[in-house]
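Single-letter residue listing:
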Amino acid sequence: MKSVSAWLLILALLAPFSAESQTPLTLEDCRKLALVHHPRLKSGQARTEEAEATVGLARAPFYPELAAVGSYGRWQKHAFLPAEIVQPGMSGVIGPVDEWRFEVSGRYLLFDSAVRGARLGAARSEREAAQYGAEELRLLVLLEVEQAFYDLDAPLTRVCSEE
């Protein structure tokens, strides 16, 4: 099944070029095309990028947290007071009042029993595994391209040698 998929991959990569020009593709051309267009390589690259982002997330707890919050409010209320309390010239309106609020806070974890370091180490290991996986995929794709190229080339070479 792998050889069939490799054949289909090579044919799909060769089809646009065979219509445009009559010069045959070299092995190096096929390798370059596969490295640019193969979907497994793109998924391997995405896994590597995801693992790199995970390392960044695991590194975040080592930095202090800072927060700043500010707010402004303006309010006005109507007081409904009993008639016995209200004096002449007294307004039933409280305000307008301006309220300002600003708060700054910071936090830094000094000791966590090496939990942060262990999480960072695990994330780095996952990143390394993803990088090795992407490289393995790249080498497998190149191997499939070479096998398909030589499988296509062998019958042509036989026909040429028989003539």
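Owing to the predicted nature of the structure, the values given are computational and were not obtained by experimental measurement.

Student: Help me understand the packing of helix 2 (residues 27-37) against helix 3 (residues 39-59), please; the structure alone is not making it clear to me.
Tutor: At a closest axis distance of 6 Å, the pairing of helix 2 and helix 3 adopts a crossing angle of 50°. By the criterion of interaxial angle, the relationship of helix 2 to helix 3 is oblique. Residue-level inspection shows A34, L35, V36 and H37 of helix 2 in contact with helix 3, the latter providing P39, L41 and K42. The residue inventory of the contact of helix 2 with helix 3, partitioned by class, reads five nonpolar, one polar and one charged.

Student: Help me out: how do you make sense of unusual backbone geometry in this one?
Tutor: Across the chain, the bulk of peptide bonds are trans and the bulk of non-glycine residues have phi less than zero. Of note, S113 is a non-glycine position whose phi angle comes to about 60°, a positive value. Classification of S113 by relative accessible area gives exposed; the value is 54%. Positioned with a positive phi, A114 is a non-glycine residue whose angle comes to about 65°. Residue position: A114 is located in the loop between strand 2 (93-107) and helix 4 (115-162). Residue classification places A114 among the exposed positions, given a relative accessible area of 53%.

Student: Even after reading the chapter, I still don't get helix 3, so can you show me in this structure?
Tutor: One full turn of an α-helix is made of 3.6 residues, so residues set three or four places apart face in the same direction. The first and last C-alpha atoms of helix 3 sit 31 Å apart over 21 residues, in line with the 30 Å expected at 1.5 Å per residue. All of the buried residues along helix 3 are L41, G44, T48, A51, V55 and A58. Each buried residue of helix 3 lies within a common arc of 100° when the element is viewed along its axis, so the set occupies one face. Structural note: helix 3 exposes P39, K42, E50 and L57 on the side pointing more than 90 degrees away from its buried face.

Student: Would you mind going over the packing of aromatic side chains with me for this structure?
Tutor: How two aromatic rings sit relative to each other is set out by the distance from centre to centre and by the angle between their planes. One pass over the full model with this rule turns up two aromatic pairs. Taking 4.5 Å as the distance between ring centres and 50° as the angle between the ring planes, the aromatic pair formed by Y72 and W100 counts as tilted. Placement of Y72 in strand 1 (residues 65-78) and of W100 in strand 2 is noted, with a sequence separation of 28 residues between them. Between F149 and Y150, the aromatic rings sit 5.5 Å apart at their centres with planes inclined by 80°, giving edge-to-face as the arrangement. Over the ring of W75 we find K77, and its NZ or CZ is 5.7 Å from the ring centre.

Student: I tried to follow the environment of A134 on my own but got confused; where do I start?
Tutor: Inspection of the secondary structure puts A134 in helix 4. Residue classification places A134 among the buried residues on the basis of a relative accessible area of 19%. Sequence separation between A134 and T48 is 86 residues; the distance between their C-alpha atoms is 7.2 Å. If near-sequence neighbours (up to four positions away) are discounted, A134 is found in contact with G44 and T48.

Student: Hey, could you run me through the nonpolar core in this one?
Tutor: Listed in full, the eight residues of the largest apolar core are L27, C30, A34, L41, L137, V141, V145 and F149. The set of elements that each furnish at least two residues to this core consists of helix 2 and helix 4. Counting residues per element, this core draws most heavily on helix 4, at four residues. Apart from the residues within four sequence positions on either side, V141 is in contact with A34, H38, R40 and L41.

Conventions adopted
- Residues numbered from 1 in each chain as written.
- Predicted model: local features only at pLDDT ≥ 70, side-chain atom pairs only at ≥ 80, totals over all residues.
- Heavy atoms only, no water.
- Axes fitted to C-alpha atoms, helices over the stretch in contact; angles between N-to-C directions.
- Helix = DSSP H or I, 4+ residues; strand = E, 2+ residues; numbered from the N terminus.
- Parallel < 35°, antiparallel > 145°, perpendicular 65-115°, else oblique.
- Contact = heavy atoms within 4.5 Å.
- Nonpolar A, V, L, I, M, F, W, Y, C, P; charged D, E, K, R; others polar.
- Buried < 20%, exposed > 50% of the residue type's maximum accessible area, 1.4 Å probe, protein only.
- Expected span 1.5 Å × (residues − 1).
- Arc of directions from axis to C-beta.
- Phe/Tyr/Trp six-rings, centres within 6.5 Å; stacked < 30°, edge-to-face > 60°.
- Lys NZ or Arg CZ within 6 Å of the ring centre and 35° of its normal.
- Core = buried A, V, L, I, M, F, W, Y, C linked by side-chain atoms within 4.5 Å.

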